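Residue-level listing of the chains:
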Amino acid sequence: DEQVAGLPEGSAAGLLISRLLPLMANPDVGVRRTALASINLMVPTWPATHAAAMDTYLQGLFQLANDSDNGVRKNVCSGIV
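Residues numbered from 1 in each chain as written. Predicted model: local features only at pLDDT ≥ 70, side-chain atom pairs only at ≥ 80, totals over all residues. Heavy atoms only, no water.

A. Seen up close, helix 1 (residues 12-20). Looking only at helix 1, the buried set comprises Ala13, Gly14, Ile17 and Leu20. The arc that holds the buried residues of helix 1, viewed along the axis, is 140°, so those residues lie on one side. Residues of helix 1 that are buried make contact with helix 2 (29-42) and helix 3 (51-64). (Buried < 20%, exposed > 50% of the residue type's maximum accessible area, 1.4 Å probe, protein only. Helix = DSSP H or I, 4+ residues; strand = E, 2+ residues; numbered from the N terminus. Arc of directions from axis to C-beta. Contact = heavy atoms within 4.5 Å.)

Right, dumping it as structure tokens:
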């Protein structure tokens, strides 16, 4: 992840993560599924500057573990592994 001058979040991944985390609680199942799948792709290169957001991500994972949608639950499993 590269730092980008002028971004308050410091990097493109930081910008995306901060926007996607709240979408994990969206009432629309498609939005939840896509937000979680997108964040899961960034976890291996999670920016160190956003270590505090990892707590929010993990809390969101556990809240979605009992989601009614199979796709969301599948993404939860992917996020844990």
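Still more to cover.
B. Representation of the nonpolar core within the structure. One finds Leu21, Met24, Leu36, Ile39 and Tyr57 to be the most contacted residues of the largest nonpolar core, which totals 16 residues. Breaking this core down by element, the ones donating at least two residues are helix 1, helix 2, helix 3 and helix 4 (70-80). Not counting the four nearest positions on each side in its chain, Leu36 is found in contact with Met24, Tyr57, Leu61, Leu64, Val72, Asn75 and Val76. (Core = buried A, V, L, I, M, F, W, Y, C linked by side-chain atoms within 4.5 Å.)

C. Main features of the environment of Gly79. Note on placement: Gly79 falls in helix 4. A residue is classified by how much of its surface remains accessible, and Gly79, at 18% relative accessible area, is buried. When near neighbours in sequence (up to four residues on either side) are disregarded, Gly79 contacts Asn40, Tyr57 and Leu61.

D. Highlighting the packing of helix 1 against helix 2. Between helix 1 and helix 2, the least distance of the axes is 10 Å, while the angle of their chain directions is 150°. Classed by the angle they form, the pair helix 1 and helix 2 counts as roughly antiparallel. Between helix 1 and helix 2 the crossing geometry is left-handed. Two secondary-structure elements touch here, helix 1 through Ala13, Leu16, Ile17 and Leu20 and helix 2 through Ala35, Ser38, Ile39 and Met42. Taken together, the residues of the contact of helix 1 with helix 2 sort by class into 7 nonpolar, 1 polar and no charged. (Axes fitted to C-alpha atoms, helices over the stretch in contact; angles between N-to-C directions. Parallel < 35°, antiparallel > 145°, perpendicular 65-115°, else oblique. Left-handed = near helix turned anticlockwise from the far one by under 90°. Nonpolar A, V, L, I, M, F, W, Y, C, P; charged D, E, K, R; others polar.)

E. View of the pattern of salt bridges. For the structure shown, the criterion picks out 2 salt bridges. Put simply, Arg32 and Asp67 hold a salt bridge, and the shortest N to O gap is 2.9 Å. Here the residue Arg32 occupies a position in helix 2, and Asp67 occupies one in the loop between helix 3 and helix 4, the gap between them amounting to 35 residues. The closest approach of N and O atoms between Arg33 and Asp69, which form a salt bridge, is 3.0 Å. (Salt bridge = Lys/Arg side-chain N within 4 Å of Asp/Glu carboxyl O.)

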